[in-house]
Amino acid sequence: MGGVALVCWSLMDRRSFLALAGMPVLAMADPLNAYAETYVKLVLAAGQHDPDYVDAYYGPAAWKESAAREARPRAEIRSAAQALLERLTATPAGAGPLLRLRHRYLLLQTRSLEQRLELLDGAKMSFDQESQALYDAVAPALPAGHFEPALAALEKLIPGAAPLAERYEAWQKQFIIPAEKLDTVFRAAVDEARARTLRHIRLPQGESFTIEYVKGQVWSAYNWYKGNAHSLIQVNTDLPVEAGNAVSLAAHEGYPGHHVYNALLEDRLVRRRGWMEFTVYPLYSPQSLIAEGSAEHGVELAFPAEERIAFYEQVLFPRAGLAPVRAREYQTVKDTVSKLAHAPNQAARDYLDGRIDRPACQAYLTRYALLPPARAAQRVRFIEKNRAYVINYNLGQDLVRSYLQRRGGDPWTEFEQLLSSPRLPSGLTS
Ligand SMILES: [Zn+2]
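Residues numbered from 1 in each chain as written. Predicted model: local features only at pLDDT ≥ 70, side-chain atom pairs only at ≥ 80, totals over all residues. Heavy atoms only, no water.

A. Spatial organisation of the overall build of the chain. A count of helices and strands for the chain gives 20 helices and 5 strands. A compact globule built from 430 residues would reach a C-alpha radius of gyration of about 22 Å, and the chain, at 22 Å, matches this within 12%. If you line up the chain on its principal axes, its C-alpha atoms span 65 × 50 × 40 Å. Sorting the 430 residues of the chain into buried and exposed places 55% on the buried side. In the chain, once contacts between residues fewer than 6 apart in sequence are set aside, the share between residues at least 24 apart is 72%. When the accessible surface of the chain is split by element, carbon and sulfur atoms take 54% of a total near 17800 Å². (Helix = DSSP H or I, 4+ residues; strand = E, 2+ residues; numbered from the N terminus. Rg over C-alpha atoms; globule rule 2.2 N^0.38 Å. Buried < 20%, exposed > 50% of the residue type's maximum accessible area, 1.4 Å probe, protein only. Contact = heavy atoms within 4.5 Å. Areas by Shrake-Rupley, 256 points an atom, 1.4 Å probe, with all protein chains shown as cover.)

And the structure:
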């Protein structure tokens, strides 16, 4: 994003970009490469109409400059996307599983782009229609009763007379990282997450990240991928950060989550194969379900429950000034709360489909996701801004987890393969 574009790529087109990356010229003969270039330029053009759409871009700077200069009208971008879809449909997928995945990736990502523009033009879609159109998946509709067993378990784990959400909030406050210790604790969590990932996944040489603390955002943390295996990880300090969140954010945003996913796509697909479509990451697209789902799964992969408890006891809680003896209780409660992960989907679906209003949406999040009022309000703002995007976290995690279980091999090897390939949500279930 923005000001951290790499100067050495600024005047390059695709050919010199690939030459720098050591790409064989033969790679350019594949007809899909021309379509990939068209796709990237359409994403950049769509980004002119939607400031959040282009989440990351590290391809030739000239393409981005042209998109800004040309400022193509939405109708023109849409018809160009439709034309690209027709050409892709008429093109054979190629031999081998990776080439078939690439072909399907370009098709589904382009279709999603066309649908996103249709939404910007005022098309009406239900929550489920939108999630299918943009993210290639629909979250299951769950009745409120689905969450009752977890809520009943929490009633026992955090006993008292006040409403459960209030008790849970008071309980959580005991595990807040003091502001002056946040950087030390978060860095310890990232170091641990990175070390655990490097035991299993070979990352590009020189991969790196920087951390920034920010305010006034609808998210808790964000990974801005800059290309050249570098990420900027921002942590939002509007609301206090809990000890466990330091670990989940470190794994989700960094290792083996977003930073690793982006670095592997860049290394394996852009630099080794010249597949330029991966130099751009459109936020409201099927790729986001894979990104968020794998980042969420990455937390449990890098920190299985017992190992996470040990890390809390030995490193994190002492550095945060918390009592290590409470680490097991902390993890037990959090594991139970994780069974409420789908509640935000229900709240978002009912709210965006007009069945409940804003206060009811917030109340649902407090009742069934146990979000304290301030956090529930933050989540409602997130839902208003990003709409069906919420399914990417919980449904994404479920789909990635069950896909890896079905594959049955070594979980880290399978995970690395998923992160290095153009697989999209419907490809996890079919
Ligand atoms: Zn994320």
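B. Looking closely at the packing of aromatic side chains. Per the stated rule, a full pass over the model turns up 22 aromatic pairs. Ring geometry for Tyr135 versus Tyr389: centroids 5.8 Å apart, planes at 85°, classification edge-to-face. In this pair, Tyr135 is assigned in helix α6 (residues 127-135) and Tyr389 in the loop between α17 (373-386) and α18 (391-407), connecting sequence segments 254 residues apart. Ring centres of Tyr312 and Tyr330 lie 5.6 Å apart, and the angle between their planes is 80°; on these two criteria the pair is classed as edge-to-face. Pair noted here: Tyr312 is in helix α13 (residues 305-320) and Tyr330 is in helix α14 (residues 327-337), with a separation of 18 residues, a long-range link. Exposure class is identical for Tyr312 and Tyr330. Each is buried. The ring of Trp63 carries the charged tip of Lys41 above its face, separated from the ring centre by 4.9 Å. Of note, Arg116 hangs over the ring of Tyr284, and the distance from its end group to the ring centre comes to 3.9 Å. (Phe/Tyr/Trp six-rings, centres within 6.5 Å; stacked < 30°, edge-to-face > 60°. Lys NZ or Arg CZ within 6 Å of the ring centre and 35° of its normal.)

C. Region of interest: the packing of helix α8 (residues 164-173) against α14. Contact geometry of α8 with α14 gives a least axis separation of 12 Å together with a crossing angle of 140°. The angle between α8 and α14 falls in the class oblique. Where α8 crosses over α14, the two elements pack in a sense that is left-handed. Residues Tyr168, Trp171 and Gln172 of α8 lie in contact with α14, whose contacting residues are Glu329, Tyr330, Val333, Lys334 and Val337. Class assignment of the residues belonging to the contact of α8 with α14 gives a composition of 5 nonpolar, 1 polar and 2 charged. (Axes fitted to C-alpha atoms, helices over the stretch in contact; angles between N-to-C directions. Parallel < 35°, antiparallel > 145°, perpendicular 65-115°, else oblique. Left-handed = near helix turned anticlockwise from the far one by under 90°. Nonpolar A, V, L, I, M, F, W, Y, C, P; charged D, E, K, R; others polar.)

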